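# Summary of the model geometry
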Amino acid sequence: SAFAQDVKTVTLEQTKGEFTVKELKLSEGTYVFNILNTGVDHEVGFVLVPDGKKDAADHIKEAYVQKTVATGKTESSKEVTLTKGTYNYFCPMNPTPVYTLVVE
């Protein structure tokens, strides 16, 4: 379709208690997040929120993985369109620290 955008893929690996990528810089656009569970002995997820927002109501729902990620597996989000600004990502199920994603 003439309206199709280039969708970029970002792969983020989770290990026990952390993401291996601590900070991301991306350009404005549409992304799919692939979340890989390496060695976490339970299912994990992915949360993306605008910087400074903490409530579940502020979560960017399209960024959630479509299915929780079992050990050794990869799951994907829906397409997420990001505009300039600062976002935070984390996994409450792992749990991980909160990391920064900057869209320039």
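Everything below is about the structure shown above.
Below: a short report on this structure. Worth saying up front: this structure is predicted, and the values here are computed from it rather than measured. (Residues numbered from 1 in each chain as written. Predicted model: local features only at pLDDT ≥ 70, side-chain atom pairs only at ≥ 80, totals over all residues. Heavy atoms only, no water.)

### Remarks on the pairing of strand E8 (residues 85-90)
- Pairing between strand E5 (residues 47-50) and E8: four bridges, direction antiparallel. Looking across to E8, one finds that Leu-48 is bridged to Tyr-89.
- Here five bridges tie E8 to strand E9 (residues 99-103), and the two strands are oriented antiparallel to one another. By the bridge assignment for E9, Asn-88 is matched with Thr-100. (Pairing = 2+ DSSP bridges. Helix = DSSP H or I, 4+ residues; strand = E, 2+ residues; numbered from the N terminus.)

### Things to note about the environment of Leu-101
- Secondary-structure assignment places Leu-101 in strand E9.
- Placed 13 residues apart in sequence, Leu-101 and Asn-88 show a C-alpha to C-alpha distance of 5.7 Å.
- Ignoring anything within four residues of it in the chain, the contact list for Leu-101 reads Leu-24, Leu-26, Phe-33, Leu-48, Leu-82, Gly-85, Thr-86, Tyr-87 and Tyr-89. (Contact = heavy atoms within 4.5 Å.)

### A closer look at the environment of Asn-94
- Positionally, Asn-94 belongs in the loop between E8 and E9.
- Each C-alpha atom of the pair Asn-94 and Asn-37 lies 9.7 Å from the other, and the pair is 57 residues apart in sequence.
- Among the polar contacts listed, one links the side chain of Asn-94 to the side chain of Gln-14, at a separation of 2.8 Å.
- Polar side-chain contacts of Asn-94 include one of 2.9 Å to the backbone nitrogen of Gly-17. (Polar contact = N/O pair within 3.5 Å; in protein donor to acceptor, adjacent residues only side chain to side chain.)

Don't take any of this as a statement about function, it's just geometry.
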